[in-house]
Amino acid sequence: MEIIKEPSALRELAGQWTRQGRTVGFVPTMGYLHAGHESLMHLARGRAETVVASVFVNPTQFGPGEDLDAYPRDLDRDAAMAKAAGVDVLFAPSPEAMYEPAAATWVEVPTLARHLCGASRPTHFRGVCTVVSKLFLLVRPALAVFGQKDWQQLAILRRMNADLGFGVEIVGGPIVREADGLALSSRNVRLTPEERGQAPGINQGLALAEAMVRDGEADAGRILDAVRAHYAAHVPLGEIDYLSCVDPDSLETLETIDRPALFATAVRFSAVRLIDNRLAATVSR
Ligand code: PAF
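Description of the structure in this document. None of these values were measured; they are calculated from a predicted model.

Turning next to helix H2 (residues 35-47). Compared with an ideal rise of 1.5 Å per residue, which puts 13 residues at 18 Å, H2 spans 19 Å between its outermost C-alpha atoms and is within 8% of the ideal. Check the buried side of H2 and you find it contacts strand E2 (24-29), strand E3 (50-55), helix H3 (75-84), strand E5 (143-147) and strand E6 (169-173).

This paragraph deals with the pattern of salt bridges. Summed over the entire model, instances satisfying the criterion amount to 18 salt bridges. Between Glu217 and Arg222 there is a salt bridge, with its nearest N and O atoms 3.0 Å apart.

Within the secondary structure, Val57 is located in the loop between E3 and H3. For the pair formed by Val57 and Tyr71, sequence separation is 14 residues and the distance between their alpha carbons is 7.8 Å. Beyond its immediate stretch of four places on either side in the chain, Val57 contacts Met30, Phe62, Leu68, Tyr71 and Arg73.

Another aspect to go through is the nonpolar core. Met98, Val132, Phe136, Phe146 and Met160 are the most contacted members of the largest nonpolar core, which has 45 residues in total. The greatest single-element share of this core, amounting to nine residues, is contributed by helix H7 (residues 124-139). Leave out the neighbours within four places in its chain, and Phe136 touches Phe26, Pro141, Ala144, Phe146, Met160, Asn161, Phe166, Val168 and Ile170. In terms of nonpolar packing, the next biggest core, distinct from the first, is built from 24 residues, Leu182, Leu191, Ala199 and Ala261 among them.

Turning to the sheet that holds strand E7 (residues 239-246), a few remarks are in order. With antiparallel pairing, the three strands of this open sheet are ordered in space as E7-E8-E9. In this open sheet, the two strands that pair with only one neighbour each are E7 and strand E9 (273-280). Averaged over all adjacent pairs, the angle separating strand axes in this sheet is 10°, with direction ignored. Pairing between strand E8 (residues 261-268) and E9: eight bridges, direction antiparallel. Bridge pairing links Arg268 to Arg273 in E9. Where helix H11 (residues 220-234) meets the sheet, its contacts fall on E7 and E8, and the angle it forms with E7 comes to roughly 155°.

This next bit is on the packing of helix H10 (residues 200-214) against H11. Where H10 meets H11, the axes come as close as 9 Å, and the angle between the chain directions of the two elements is 155°. Accordingly, the angle class assigned to the pair H10 and H11 is roughly antiparallel. The interaxial crossing formed by H10 with H11 has right-handed handedness. Between H10 and H11, the contacting residues are Gly201, Ile202, Gln204, Gly205, Leu206, Leu208, Ala209, Met212 and Val213 on the first element and Arg222, Ile223, Ala226, Val227, His230 and Tyr231 on the second. Residues of the contact of H10 with H11, tallied by class, amount to 10 nonpolar, four polar and one charged.

Pairing in this open sheet of six strands is parallel, and the strands run E1-E4-E3-E2-E5-E6 from one edge to the other. Either end of the sheet is taken by a strand with one partner, and the two such strands are strand E1 (2-4) and E6. Between one strand axis and the next, the sheet turns by 25° as a mean value, whatever way the strands run. Pairing of E5 with E6 involves five bridges; the strand directions are parallel. Each residue of the ladder has a partner; that of Leu143, found in E6, is Glu169. Contacts from H2 reach E2, E3, E5 and E6 within the one sheet, and its direction differs from that of E5 by about 160°.

Close to the ligand lie Pro28, Thr29, Met30, Asn58, Gln61, Val128, Val131, Phe146 and Gln153. For the ligand, an oxygen atom lies 2.6 Å from a polar atom in the side chain of Gln61. Contact distances for the ligand include 2.7 Å between an oxygen atom and a side-chain N or O atom of Gln153. Relative to its free-state accessible area of 290 Å², the ligand is covered by the protein chains to the extent of 84%. Sorting the residues of the shell around the ligand by element identifies E2 and H7 as the ones contributing at least two each. In terms of residue class, the shell around the ligand is made up of five nonpolar, four polar and no charged.

Reading guide: rules and limits
Residues numbered from 1 in each chain as written. Predicted model: local features only at pLDDT ≥ 70, side-chain atom pairs only at ≥ 80, totals over all residues. Heavy atoms only, no water. Helix = DSSP H or I, 4+ residues; strand = E, 2+ residues; numbered from the N terminus. Expected span 1.5 Å × (residues − 1). Contact = heavy atoms within 4.5 Å. Salt bridge = Lys/Arg side-chain N within 4 Å of Asp/Glu carboxyl O. Core = buried A, V, L, I, M, F, W, Y, C linked by side-chain atoms within 4.5 Å. Buried < 20%, exposed > 50% of the residue type's maximum accessible area, 1.4 Å probe, protein only. Pairing = 2+ DSSP bridges. Axes fitted to C-alpha atoms, helices over the stretch in contact; angles between N-to-C directions. Parallel < 35°, antiparallel > 145°, perpendicular 65-115°, else oblique. Left-handed = near helix turned anticlockwise from the far one by under 90°. Nonpolar A, V, L, I, M, F, W, Y, C, P; charged D, E, K, R; others polar. Near = heavy atom within 4 Å. Polar contact = N/O pair within 3.5 Å; in protein donor to acceptor, adjacent residues only side chain to side chain. Areas by Shrake-Rupley, 256 points an atom, 1.4 Å probe, with all protein chains shown as cover.

Treat this as a map of the structure, not an account of what it does.
Structural data, given as structure tokens:
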């Protein structure tokens with residue numbers, strides 16, 4: 001596996017792949033890789049001739065006071081994991097290499113970005129869209145794989161890709177969970193032991209919502225009340241940033257569950273904010 005730090009070197013290599021007609025699969029990450037990222041790399045490996053992954057803690061998607069500096073980083077460990085997962089090229093640029101000091105261009109999808117995480121992180125998704133656009137232009141992949149844990153990010157990037165005509169196949173990789181149900185996240189290492197003990201309750205609450213929908217409950221408000229009660233009892237160290245029931249495509253609030261519904265949440269602990277979601281659908285009887 002080759003490690004590339006300079007955008008110009010990656011652009012050059014990607015140009016060669018294009019001329020050779022190679023199918024390139026791309027897995028953008030912010031590093032501190034875990035089994036969730038590995039599963040995305042395996043998905044790309046199974047579908048592309050050349051697999052590129054990036055490790056870049058993108059400063060433009062962090063707001064003031066967020067955890068940019070504290071975000072865990074370990075490039076040697078990431079490189080070993082990426083290599084073992086079948087990645088051919090790991091792109092690990094510096095912030096200076098990715099952004100000129102005078103950079104002033106943003107890519108935004110405001111309609112989808114104002115919901116869920118965007119309500120408390122108003123500049124987050126324009127940072128994500130901007131960096132992913134820049135990465136797509138460098139790598140020129142045929143397909144790119146993103147985790148479904150950040151469902152909103154996936155929905156926004158699908159819209160951006162269609163609107164700007166990147167022509168990339170956007171693939172969503174299923175959420176990978178710990179044995180106790182906690183969704184894998186690079187940020188989980190920053191939970192205190194007590195918080196780590198409670199954090200699986202996040203998924204349990206969402207699973208409760210899913211079960212209620214399956215059992216025929218159609219009132220989203222009643223379901224969200226039950227999940228809130230579950231969090232109060234089982235995740236008292238976590239403060240709910242949002243807990244919502246939305247249409248999985250438009251991300252608009254659903255009050256009545258008359259179609260598949262996404263239950264999504266963000267929960268703040270002392271040093272980290274964790275997100276999770278579950279798609280719920282009524283079972284026709
Ligand atoms: O999901 C992430 O890790 C990041 O938002 C991404 C897509 C790599 C952009 O920085």
